[in-house]
There are 2 protein chains.
Amino acid sequence: MDGSETGKAAPTRNRDLVRLLETDIHLGRLGPGAWLRQIDLEAAYNATRLDIRQALDRLVEKRLVRHIARRGYQVEDFDPARVAQVMEVRAVLEVAAAALVIDRLDDTALATMQQHAEAFATALESGTVEDQEAANIAFHTAMLAPCPNRELVDLLFDLRARVPAAVIRRRNTMDLLRRGADHHFAIIRLIRTRDLPALQQVMRDHNLSPGAP
Amino acid sequence: MDGSETGKAAPTRNRDLVRLLETDIHLGRLGPGAWLRQIDLEAAYNATRLDIRQALDRLVEKRLVRHIARRGYQVEDFDPARVAQVMEVRAVLEVAAAALVIDRLDDTALATMQQHAEAFATALESGTVEDQEAANIAFHTAMLAPCPNRELVDLLFDLRARVPAAVIRRRNTMDLLRRGADHHFAIIRLIRTRDLPALQQVMRDHNLSPGAP
DNA sequence: TCCTTCTGGATTGGCGCCAATTTTGATGCC
DNA sequence: GGCATCAAAATTGGCGCCAATCCAGAAGGA
């Protein structure tokens, strides 16, 4: 157990626990195979045993963690084939979402997206993985904000959470990441020109590139 | 508490509990607003309090049940707008799945699908809702069996579970249901003739019709 | 020196108990 | 007769204890 994000003195609640652990896994602070010992978590987060167990069970549900009887919980392995399949599903849904938002994003929204796209590009060169993720998420959140189908949006973020960024970024050259950043700017341009087919093509590429942001 | 499916003498395990309750909700034996009292479930399924609570928490996670502190658990209401959005997502994914299976379904598979399509049509006229659901699920399972993207398939069935059949079927005329049955036969025909565009159109209609099977 | 066996310590996981809170039913008041 | 008040019963929900099991390290044998 070495995932950080300081356990505070104030007792941590159930929902927060899930989020904290999820983040640790997502960003690679807890890698595949790492053991999540109840006793350590209990002390680290100053939570009760029951809360810890519920949080871990939720992560099992989400398939981020596996449970072995009488042994404990450990971070799942992420099979590249399965990861690719999740990406494919994401691509399909992003393409569908593009059609729903292209006419609903006004200049204000595009300006916000532009900021986040720049923040992402900057973070790539001189930021932590956390910064990159935050900027990337912010970009896509802004893009999907006017989507009327909230189920679709929720599902997209859920799919995002199924594959840790750390796992994707692993075999990821700087070139590929920069291409992801370029995608962001292309997306903004294509929304501005209302070019749906080209936008959908970019969304697809964006999601299917090996280290898809 | 009046959802049946007989609690056996043998203690029911956690995973089974989730499945049993899910089925009861899906088929409308437990309707929106129905209270799921821990004590009753404990007795009905001869399970421990802890198992019951875990099962209920999982249903909360799946948004089939809502939890009110110190009051208990009750079956969620299903907002028609949200249902429509889930359907839209399903439609998008079914269309994508169609492309993946159209060249992978051989005559044997089509024959199986034909059987289930006929079973569904029959059940419509003279079967219970359970029979209809079973036949319908069997049809779609057979259709998606050769889909190489299992994440996509799992997600499709997960989306199915998010909206109880009972809720959909409620405002559903016999005509609409018969049209659903016809869709099944059209699907088989279009796969046989390898007509992907037409197949995708039918898949979309099949999922978006008010009482979508 | 390396491998196998055994024991002590540590961890998990389930069960039962009980306090906090809500609901139900009865009683009295307006 | 209807409504507010109150007490008893029922239900939820959390905490702690302890048995079952697993792991690490020591001891013994090849």
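Every chain is numbered on its own, with residues counted from 1 as its sequence reads. Chain letters and ligand numbers both follow the written order, the letters beginning at A and the numbers at 1. Residue-level local features of this predicted model are given only where pLDDT is at least 70; pairs of side-chain atoms are given and counted only at 80 or more, and the full residue set underlies all totals for whole chains, interfaces and linings. Hydrogen atoms and water are omitted, and side-chain values are computed over all heavy atoms in the structure.

Considerations on helix H2 (residues 38-45) of chain B
An α-helical turn contains 3.6 residues, so any two residues separated by three or four positions project in the same direction. All names here are of chain B. The rule is simple: take the accessible area with a 1.4 Å probe, protein chains only, and divide by the maximum for that residue type; under 20% is buried, over 50% is exposed, in between is partly exposed. Labels follow the DSSP assignment, with helices taken as runs of H or I lasting at least four residues and strands as runs of E lasting at least two, numbered in each case from the N terminus. Those residues of H2 lying buried are Gln38, Leu41 and Tyr45. End-on view of H2: buried residues confined to an arc of 65 degrees, all on one side of the axis. H2 presents Ile39 and Ala43 as exposed residues on the side facing more than 90 degrees away from its buried surface. Among the structural elements, helix H1 (14-26), strand S1 (35-36), helix H3 (49-61) and strand S3 (72-75) are those in contact with the buried residues of H2. Along the arc lie the directions from the helix axis toward the C-beta atoms. We call two residues in contact when some of their heavy atoms are within 4.5 Å.

Examining the relation of the copies chain B and chain A
All copies are superposed by least squares; the fitting set is the C-alpha atoms of residues with a pLDDT of at least 70 in both. Screw-axis analysis of chain B against chain A gives a translation of 0.0 Å along the axis, an RMSD of 0.0 Å, and a rotation angle of 180 degrees. In symmetry terms, the pair is related by a two-fold rotation axis.

Digging into the confidence of the model for chain A
Residues and elements named next belong to chain A. Per-chain confidence: chain A averages 93 in pLDDT, with 94% of residues scoring 70 or above. In the model of chain A, helix H8 (residues 165-170) stands out as the element of lowest mean pLDDT, 89, in contrast to helix H7 (residues 150-162), which has the highest, 98. Of the regions scoring below 50 in pLDDT, residues 1-8 engages in 20 contacts with residues more than four places distant in sequence or in other chains. pLDDT expresses how confident the predictor is about each individual residue, on a scale running from 0 to 100.

Here's the deal with the protein's contact with DNA strand D
The environment of DNA strand D is formed by 13 residues, the closest being Arg71(A), Arg37(B), Gln38(B), Arg53(B) and His67(B). The cutoff for a nearby residue is simple: one of its non-hydrogen atoms must lie within 4 Å of the molecule or strand. If you look at DNA strand D and keep only atoms within 4 Å of the protein, 69% of those are sugar or phosphate atoms. By the criterion applied in these results, polar contacts are pairs of N or O atoms within 3.5 Å in which, for protein atoms, one can donate a hydrogen and the other can accept it, and in which residues neighboring in sequence qualify only through two side-chain atoms. With respect to DNA strand D, the backbone of Gln38(B) contributes an N or O atom lying 2.8 Å from a phosphate oxygen. Among the elements of the structure, H2, H3 and strand S2 (65-68) of chain B are those that each provide at least two residues to the surface near DNA strand D. A class-by-class count of the residues in the surface near DNA strand D yields 4 nonpolar, 3 polar and 6 charged. Note that Gly is not counted as nonpolar here; it falls among the polar residues with everything else outside the nonpolar set of Ala, Val, Leu, Ile, Met, Phe, Trp, Tyr, Cys and Pro and the charged set of Asp, Glu, Lys and Arg.

Considering the pattern of salt bridges
By definition, a salt bridge exists where a carboxyl oxygen of Asp or Glu is found within 4 Å of a side-chain nitrogen of Lys or Arg. Taken as a whole and assessed by the stated rule, the structure comprises 38 salt bridges over all chains. The partner of Arg66(A) in a salt bridge is Glu76(A), with the nearest N and O atoms 3.8 Å apart. With Arg66(A) in strand S2 (residues 65-68) and Glu76(A) in the loop between strand S3 (72-75) and helix H4 (80-101), this residue pair connects regions lying 10 residues apart in the sequence. Glu88(B) serves as the salt-bridge partner of Arg204(B), at 3.3 Å between the closest nitrogen and oxygen. Of this pair, Arg204(B) sits in helix H10 (residues 196-208) while Glu88(B) sits in helix H4 (residues 80-101), and the two are 116 residues apart along the sequence. Residue classification places Glu88(B) among the partly exposed positions, given a relative accessible area of 25%. The network of salt bridges with common partners includes Arg63(A), Arg82(A), Asp158(A), Arg162(A) and Glu151(B).

What about the pairing of S2(A)?
All names here are of chain A. Across 4 bridges, the pairing between S2 and S3 is antiparallel. Each bridged residue has a counterpart across the sheet, and for Arg66 the counterpart in S3 is Gln74. DSSP calls a pair of strands paired once it identifies at least 2 bridges connecting them. A loop of 3 residues connects S2 with S3, the two strands running antiparallel in sequence, and Arg70 in this loop sits at a positive phi of about 60 degrees.

What to know about the protein's contact with DNA strand C
The environment of DNA strand C is made up of 14 residues, and the closest members are Arg37(A), Gln38(A), Arg53(A), Arg70(A) and Arg71(B). Atoms of DNA strand C within 4 Å of the protein belong to the sugar or the phosphate in 69% of instances, the rest to bases. Here a base nitrogen of DNA strand C and a side-chain polar atom of Arg49(A) are 3.4 Å apart. Of all the secondary-structure elements, those providing two or more residues to the surface near DNA strand C are helix H2 (38-45), helix H3 (49-61) and S2 of chain A. Partitioning the surface near DNA strand C into residue classes produces 4 nonpolar, 3 polar and 7 charged.

What about the interface of chain B and chain A?
Counting from both sides, the interface comprises 23 residues of chain B and, opposite them, 23 residues of chain A. By buried area we mean the combined loss of accessible area, with a 1.4 Å probe, across both parts when two parts are placed together. Here chain B meets chain A over a buried area of about 1900 Å², counting both sides, of which 52% is carbon and sulfur. If you sort the residues of chain B by the area they bury against chain A, Glu61(B), Gln85(B) and Glu151(B) come out on top, with a joint share of 32%. Residues Glu151(A) and Arg63(B) are paired through a salt bridge, measuring 3.9 Å at the closest nitrogen-oxygen approach. Applying the counting criterion to the chain B and chain A interface returns 12 residue pairs in polar contact (both at pLDDT 80 or more). At 8 residues, the largest contribution of residues to the side of chain B that touches chain A is made by H4(B).

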